[in-house]
Structures are given as C-alpha cells and as structure tokens.
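# Secondary and tertiary structure notes
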Amino acid sequence: STVAALSLSASSRPDWSLLVGVAQDALAMCQVEEGRKEEARRKGITYSEREIFELVHDDQRQCSVCNTACFLSATRCPCNGGVVCCLCHCLDGCSCSASNK
C-alpha cells in the first residue's frame, strides 16, 4: 500500500511509528465520520446509497456551503441538480425536508 511504501526508510525497514500513527489517524477519522452520519440520521436523513468518490471529480464532490471536498460521506438533494453538502452542512444545501436528501 501507499502508506507502507511511505514508511520504508533508505534501509527498506518499515517505520512502525509512522504506520501506527497513520492507523490511529484513520481510526479517528472513521469514528468522527460515524458520529456525523448518526447525527444526519437524527436530523431525518434516512436514504443512503454508495458512491465511489474516487471516480467523481473533486469539483463535483465539494460541499456547496463550506467548499470542503467530501471524501467519505456527503448529502445530495435532487431538487437543485444534486448539489453536494458535507455531513456538517447536510441540511443547508436547499430548503427541502431532510427525508428528500
């Protein structure tokens, strides 16, 4: 993997502290994302589908409110041409009810 390749020093020995740090950061990022998804569900957003964000151009997965590129999750409402909002701004992209997003 890319992380493993980055952790190799000139002597081709893995930098375990780097690998552990990256794993801890990834775990923390996933935990924050799960909390945001749960909050979106509490706000009334219940429909979901999978999308491979790596195949979507950065401009098409940018939050319309804060301009952050969405990497893990986002909301989209069909009323406004599918404008994307990050989970922090999941209700701010349009005036539709949460159940439409």
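Calculation notes
- Residues numbered from 1 in each chain as written.
- Predicted model: local features only at pLDDT ≥ 70, side-chain atom pairs only at ≥ 80, totals over all residues.
- Heavy atoms only, no water.
- Helix = DSSP H or I, 4+ residues; strand = E, 2+ residues; numbered from the N terminus.
- Buried < 20%, exposed > 50% of the residue type's maximum accessible area, 1.4 Å probe, protein only.
- Contact = heavy atoms within 4.5 Å.
- Areas by Shrake-Rupley, 256 points an atom, 1.4 Å probe, with all protein chains shown as cover.
- Salt bridge = Lys/Arg side-chain N within 4 Å of Asp/Glu carboxyl O.
- Disulfide = S-S within 2.5 Å.
- Core = buried A, V, L, I, M, F, W, Y, C linked by side-chain atoms within 4.5 Å.

So, about the overall build of the chain. On a plain count of helices and strands, the chain comes out with 2 helices and 2 strands. Its helices and strands taken in sequence order, the chain reads α-α-β-β from the N to the C terminus. When burial is assessed residue by residue, the chain has 22% of its 101 residues classed as buried. When contacts within the chain are restricted to residue pairs at least 6 apart in sequence, those whose partners lie at least 24 apart make up 30%. Of the roughly 7200 Å² that the chain leaves accessible, carbon and sulfur atoms contribute 55%.

A word on the pattern of salt bridges. For the coordinates displayed, the defined rule picks out 6 salt bridges. The partner of E51 in a salt bridge is R76, and the shortest N-O contact between them spans 3.1 Å. On the criterion of sequence distance, the pair formed by E51 in the loop between α2 (16-42) and β1 (75-76) and R76 in strand β1 is long-range, its members being 25 residues apart. Judged by relative accessible area, which is 38%, E51 ranks as partly exposed. Looking at R76, the relative accessible area reads 37%, which means it is partly exposed. Among the charged side chains, a salt-bridge network with shared partners connects E38, E39, R41 and R42.

Looking at the secondary structure, you find D92 in the segment after β2 (84-85). When the C-alpha atoms of D92 and V65 are compared, they prove to be 7.2 Å apart, with 27 residues separating the residues in sequence. In this structure D92 touches V65 and C85, once residues within four positions along its chain are discounted.

Attention shifts here to the state of the cysteines. As used in these notes, a disulfide is a covalent bond between sulfur atoms, one from each of two cysteines. Under the counting rule described, the total for this entry stands at 0 disulfides. The thiol of C79 is not disulfide-bonded; the next cysteine sulfur, from C96, is found 3.4 Å away. Take C90: it sits in no disulfide, and the sulfur closest to it among the cysteines is that of C85, at 8.1 Å. Judged by relative accessible area, which is 2%, C90 ranks as buried.

By size, the foremost hydrophobic cluster in this structure holds 6 residues: F53, C63, C70, V84, C85 and C86. With residues up to four places along the chain from it excluded, the contact list for C85 reads C63, S64, V65, C70, A74, T75, C90, D92 and G93. Within the second largest apolar cluster, 5 residues are counted, among which are A40, I45, L87 and C90.

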